[in-house]
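# A look at the structure
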Amino acid sequence: MTIRIYNTMSGQKEAFEPLEPGRVHMYVCGITAYDFCHVGHARSAIVFDVIYRYLQYRGFEVVCVRNFTDVDDKIIKRGQEEGANPQAIAEQYIEAFYEDMDQLGVVRPDYEPRATQFIQEMIELIEILIEKGYAYQVDGDVYFAVEKFSGYGKLSKRKLDDMIAGARVAVEAGKRHPMDFALWKASKPGEPAWPSPWGEGRPGWHIECSAMSSKYLGSTFDIHGGGKDLIFPHHENEIAQSEAAFGKSFARYWVHNGFVNVNQEKMSKSLGNFFTIREVYERYQPEVLRLFLLSSHYRSPVDFSPESMAEAERGLERFYHTIEQVSELVGGLPRAEQLPTSKDPEFNSLREKIDTILTRFQDDMDDDFNTAAALGQLFDLSRALNRFQDNRPGKPTPEEKKLLAQGGLRLRECAKVLGLLERSPEEFFREHRRMSLEMLDIDQEAVEGLIAERAQARKEKNWARADEIRNKLAEMSIVVEDKPEGTRWRVKTPSE
RNA sequence: GGCGGCAUGGCCAAGUGGCUAAGGCAACGGUCUGCAAAACCGUUAUUCCCCGGUUCGAAUCCGGGUGCCGCCUCCA
């Protein structure tokens, strides 16, 4: 079975064959560091994090590059507004980006270059483009001449004529064609500037990705990714620059993630309907956001809402509950072993589920990284594990324990590829409780006092009193669970 | 105006030519429980926006319609 990837260039799923067998070179467009990241950025990061993890899981040696744009109009503007140096602004938001991403469990790519570290390479690239007649200089600016590149529009499926027809295109003096874009911009006083053959200036946005990708991955590489909104003009322009300069085809598979919506509309700065990642962390654990975002296919839009986040939270509780139960029963999860055998049909039914989970998971993931379907397989296994334990009220036999342990282990093995269930259940539930109590402003000791009081009442079989306390706790959004070994409690979040 | 995407049960969401249309959430009934909760079992789409067509056979392909969204300016 091979991996199939939807390629924006062809508009179809294609069998994935890297340029060099066993090795994958991928480049992902990162952020422009001028503000805190929102849920849309989180989606992109998570989608490509999962692709990165999965390709490694499938045995590829992956070299992944994700850039930071640390020089650009928005950063400069922000600097002016705050009276700060643009470089400091970029630094500050790159730092914030790492804080957000680390919590989300996004693995760091192999290389994370910043545009300003590659000024010389960009200048060299622009010189090649001028030499080859693809670019021209006007005063201190250099533009790419889109008409010279015959393939312009092949990724976004547009024709130059159509583009100018409907849209208002910035009329900039000196451009030969309205769609020509800047490779180099002359800097105004007070703006960041680097010396160049065309005078003091700074690079245009698109050129950095062409320069950095070729530097780390070669002029032709396997996967290029980013949000759907980058297809035009950013990726179209990258193709034009790179293919014009190197005379070789650029990225082989173009992967684009869909948007995060709010009430069916794209989450964006301009609409003001965005939630920063750190705002989300005030109410939910980062892992909840991750599960939510992976519950839909990466190319589909997802609607961000309290309801869907609550749903993801319940889903996580379910998974961790299963792992907790299994761990308690078998005493931690040991190493991977062969699955034990038995003649018992129930045993074999679970054994079958466990035996096939890895291939079922892989089949779904191979099909264009279908995380939603893959998660379905994991929920299915989770339920099977719960069922088996539920139907064995007595002590499990050593063989049964072994089977359950392997089931728990494999559940985690698959989840890990999605960046999920990497913590202990205790940690998850503790954190869940802590956040809920804080949000509802409930005192933990008060709750525990009432629980103890109720335990006493129950001991005396004073059910009326016990229920009275339980009702009181319920009003505080506390749900109790009486277990043979004692009473547990959890906080019911308002959205539940 | 140009280009592209989406429409599946109460909600979320897989499935893109053929076994009983995954899975999650919610609801209801049951098992368990002092009663609950959690967990488990069962029930909830003869049907996949509408109308035509192709086919032995379509949610899946083609044509038309309706609705929603995105890109064409910075954007993950």
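Further up the page is the structure itself.
It should be emphasised that the depicted structure is a prediction, and the values quoted were computed from it without experimental measurement. All residue numbers here refer to positions counted from 1 along the written sequence of the relevant chain. Going through the entries in the order they are written, you letter the chains from A and number the ligands from 1. The predicted nature of this model means local features are confined to residues of pLDDT at least 70 and side-chain atom pairs, given and counted, to a pLDDT of 80 or more, with totals for whole chains, interfaces and linings taken over all residues. Side-chain metrics in this entry use all non-hydrogen atoms of the structure; hydrogen atoms and water are not considered.

### A look at helix 13 (residues 398-417)
- Where helices and strands are cited, they refer to DSSP runs of H or I of at least four residues and of E of at least two residues respectively, numbered from the N terminus. How far a helix is expected to stretch is found by multiplying one less than its residue total by 1.5 Å. A rise of 1.5 Å per residue sets the reference length of helix 13, with its 20 residues, at 28 Å; its end C-alpha atoms lie 29 Å apart and thus fit the reference within 8%.
- Positive backbone phi, at 75°, marks G419, one or two positions downstream of helix 13.

### Focus on the nonpolar core
- Definition of nonpolar core: a set of buried residues of the types Ala, Val, Leu, Ile, Met, Phe, Trp, Tyr and Cys, connected through side-chain atoms within 4.5 Å. Only protein chains enter the accessibility calculation, which uses a 1.4 Å probe; a residue whose area is less than 20% of its type maximum is buried, one above 50% is exposed, and one in between is partly exposed. If you look at the biggest cluster of nonpolar residues, it comprises 88 residues, and the most contacted ones within it are M26, L55, L289 and L378.
- By residue number, the principal contributor to this core is helix 1 (residues 39-57), which donates 11 residues.
- Among the domains, domain 1 (19-283) and domain 2 (326-424) are the pair contributing at least three residues each to this core.
- Throughout, a contact is declared for two residues whenever any of their heavy atoms are within 4.5 Å. Residues in contact with L289, not counting those within four places in the same chain, are V39, A42, L104, I277, V280, F304 and M309.
- One finds L125, F144, A211 and L217 within the second-largest nonpolar core, a separate group that totals 44 residues. Per the annotation, domain bounds derive from an automatic or database assignment of domains.

### Observations regarding the packing of aromatic side chains
- Stacked, edge-to-face and tilted are the three classes for Phe, Tyr and Trp ring pairs, Trp counted by its six-membered ring, which pair at centre distances within 6.5 Å; planes under 30 degrees apart are stacked, over 60 edge-to-face, the rest tilted. Considering all chains together, one arrives at 24 aromatic pairs under this definition.
- With a centroid separation of 6.2 Å and an interplanar angle of 10°, the aromatic rings of Y134 and F144 are classed as stacked. Taken together, the positions of Y134 in the loop between helix 4 (119-131) and strand 5 (135-138) and F144 in strand 6 (residues 141-144) put the pair 10 residues apart, joining distant regions of the chain.
- With a centroid separation of 5.8 Å and an interplanar angle of 55°, the aromatic rings of W184 and W198 are classed as tilted. Here W184, found in strand 7 (residues 181-186), pairs with W198, found in the loop between strand 7 and strand 8 (201-203); they are 14 residues apart in sequence, far enough to count as distant. A single burial state applies to W184 and to W198, both of which are buried.

### Remarks on the pairing of strand 4 (residues 61-66)
- For strand 4, the buried fraction is high: five of the six residues fall into the buried class.
- Following the backbone out of strand 3 (residues 23-28), through helix 1 and into the adjacent parallel strand 4, one traces a crossover that is right-handed. By the criterion used throughout, a crossover qualifies as right-handed when its path from the first strand across the helix to the second strand runs clockwise, the strands pointing away from the viewer.

### With respect to the protein's contact with RNA strand B
- The full set close to RNA strand B counts 54 residues, and K74, W205, G227, L230 and R470 are the nearest of them.
- Backbone atoms, meaning sugar plus phosphate, form 64% of the atoms of RNA strand B positioned within 4 Å of the protein.
- A distance of 2.9 Å separates a base nitrogen of RNA strand B from a polar atom in the backbone of G40.
- One of the side-chain nitrogen or oxygen atoms of K266 is found 2.9 Å away from a phosphate oxygen of RNA strand B. Whether a residue is near a molecule or strand depends on its heavy atoms: it is near if one of them lies within 4 Å of it. Here a polar contact means two N or O atoms within 3.5 Å. Within protein one must be a hydrogen donor candidate and the other an acceptor candidate, and residues neighboring in sequence count only if both atoms are side-chain atoms.

### Some points on the pattern of salt bridges
- By convention in these notes, a salt bridge is any Lys or Arg side-chain nitrogen within 4 Å of a carboxyl oxygen on Asp or Glu. Applying the stated criterion across every chain, the model contains 47 salt bridges.
- We note a salt bridge from E82 to R78, for which the minimum N-O separation is 2.9 Å. Here R78 and E82 lie together in helix 2 (residues 73-82), a separation of four residues that amounts to about one turn.
- For E453, the salt bridge is made with R465, and the minimal N-O distance between the two is 2.3 Å. One end of the pair, E453, is in helix 15 (residues 444-459); the other, R465, is in helix 16 (residues 463-475), and 12 residues separate them in sequence.
- The exposure class assigned to E453 is partly exposed, which follows from its relative accessible area of 36%.
- Through salt bridges with shared partners, one network takes in D49, R53, R290, K416 and E422.

### With respect to the sheet that holds strand 5
- Strands are treated as partners if at least two bridges between them are detected by DSSP. Taking strand neighbours across the sheet as the criterion, the four strands line up as 5-6-7-8 in an open arrangement whose pairing is antiparallel. This sheet does not close on itself; its edge strands, each paired only once, are strand 5 and strand 8. In this sheet, adjacent strand axes meet at a mean angle of 20° when their direction is disregarded.
- In this sheet, strand 8 lies alongside strand 7 in antiparallel orientation, the contact comprising three bridges. The residue bridging W184 from the neighbouring strand is P203, located in strand 8.
- Here an axis means a line fitted to C-alpha atoms, over the contact stretch when the element is a helix, while the angle between two N-to-C directions is reported on a 0 to 180 degree scale. Across the sheet, helix 4 is in contact with strand 5, strand 6, strand 7 and strand 8; its angle to strand 7 comes to roughly 120°.

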